[in-house]
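If you want the building blocks of each chain, they are given just below.
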Amino acid sequence: MEGELGLVYVDDLDEQGWPDDPLSDPRVLACSEPVKLEAFAQIWTPLREQLNIPFELLDIQDLPAEAVPAALTWIETPSASDSVALRQYRPALAAFLRAAHTRGQGVTVSL
């Protein structure tokens, strides 16, 4: 993947120490820059307004475990304008968040 990647990772990764290869670590979900920009517009911006969480591009923001169910609503509801890449990313993001939520964890979103 090239460009500025979008990353979503479990909220305690910083405490555990960053992996040598984050792109192959199951605690990290990465997406390409075009998908990151589209996800920001289609997912994170509406969530920012609903949850009052200040998601901004080129920023890092925590999504607490209690906010994951609301996030899943936006993530699992595709838009007609989604690109093929975003349609493929949505299920991976939903599965990643569901797994974190099952463990009682939030996630950190790096846009």
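Our structure's up above, just so we're on the same page.
Residues numbered from 1 in each chain as written. Predicted model: local features only at pLDDT ≥ 70, side-chain atom pairs only at ≥ 80, totals over all residues. Heavy atoms only, no water.

Chemist: What is the right way to look at the overall build of the protein chain in this model?
Modeler: From N to C terminus, the protein chain includes four helices and four strands. Reading the protein chain from its N terminus to its C terminus gives the helix and strand order β-α-β-α-β-α-α-β. Here the protein chain has a C-alpha radius of gyration of 13 Å; the compact-globule value for 111 residues is 13 Å, and the two agree. Here the C-alpha coordinates of the protein chain stretch approximately 40 × 30 × 25 Å along the principal axes. A total of 111 residues make up the protein chain; the buried ones form 44% of that total. Within the protein chain, residue pairs in contact and separated by at least 24 positions form 62% of the contacts whose partners lie at least 6 positions apart. (Helix = DSSP H or I, 4+ residues; strand = E, 2+ residues; numbered from the N terminus. Rg over C-alpha atoms; globule rule 2.2 N^0.38 Å. Buried < 20%, exposed > 50% of the residue type's maximum accessible area, 1.4 Å probe, protein only. Contact = heavy atoms within 4.5 Å.)

Chemist: Even after reading the chapter, I still don't get the packing of helix α2 (residues 33-51) against helix α4 (residues 84-102), so can you show me in this structure?
Modeler: Working note: a packed helix pair is described by the angle between its axes plus the distance between those axes. The interhelical angle for the contact between α2 and α4, taken along N-to-C directions, is 70 degrees, at an axis separation of 10 Å. In terms of orientation, α2 lies roughly perpendicular with respect to α4. Judged by the twist between their axes, the crossing of α2 over α4 is right-handed. Together, V35, E38, A39, Q42, I43 and W44 of α2 and A85, L86, Y89, R90 and L93 of α4 make up the contact between the two elements. (Axes fitted to C-alpha atoms, helices over the stretch in contact; angles between N-to-C directions. Parallel < 35°, antiparallel > 145°, perpendicular 65-115°, else oblique. Left-handed = near helix turned anticlockwise from the far one by under 90°.)

Chemist: Explain the pattern of salt bridges here, please?
Modeler: Two side chains that carry opposite charge are able to pair once their charged atoms sit near each other. Considering all chains together, one arrives at three salt bridges under this definition. Across the pair R27 and D25 runs a salt bridge, and its minimum N-O distance is 2.9 Å. On the basis of relative accessibility, which here comes to 13%, the residue D25 falls in the buried class. Put simply, D82 and R90 hold a salt bridge, and the shortest N to O gap is 2.6 Å. The same class applies to D82 and to R90, which are both buried. (Salt bridge = Lys/Arg side-chain N within 4 Å of Asp/Glu carboxyl O.)

Chemist: Help me understand the pairing of strand β1 (residues 6-10), please; the structure alone is not making it clear to me.
Modeler: Side-chain positions along a regular strand alternate between the two faces of the sheet. Counting buried residues along β1, five of its five residues qualify, which places the element largely inside the surrounding structure. Here β1 runs beside strand β2 (residues 28-31); their pairing, made up of four bridges, is antiparallel. Residue V8 lies in a different strand from β2, and its bridge partner there is L29. Alignment of β1 against strand β4 (residues 107-110), held across four bridges, turns out to be antiparallel. In the strand pairing of β4, V10 is matched with V107. (Pairing = 2+ DSSP bridges.)

Chemist: It is not clear to me how empty space enclosed by the protein should be interpreted in this structure. Could you clarify?
Modeler: Picture a little ball the size of a water molecule; that probe, rolled over the atoms, points out where space is still empty. Counted under the stated rule, the structure contains one cavity of 30 Å³ or more. In this model, the largest cavity occupies a volume close to 40 Å³. For the largest cavity, the full set of lining residues is G6, L7, V8, C31, K36, A39, W44, Y89, S110 and L111. Those elements giving two or more residues to the lining of the largest cavity turn out to be β1 and α2. (1 Å grid on protein atoms, 1.4 Å probe; cavity = no way out; pocket = protein on both sides within 12 Å on 5 of 7 lines; lining within 4 Å. Points joined across faces, edges and corners; volume = space filled by probe spheres on them.)

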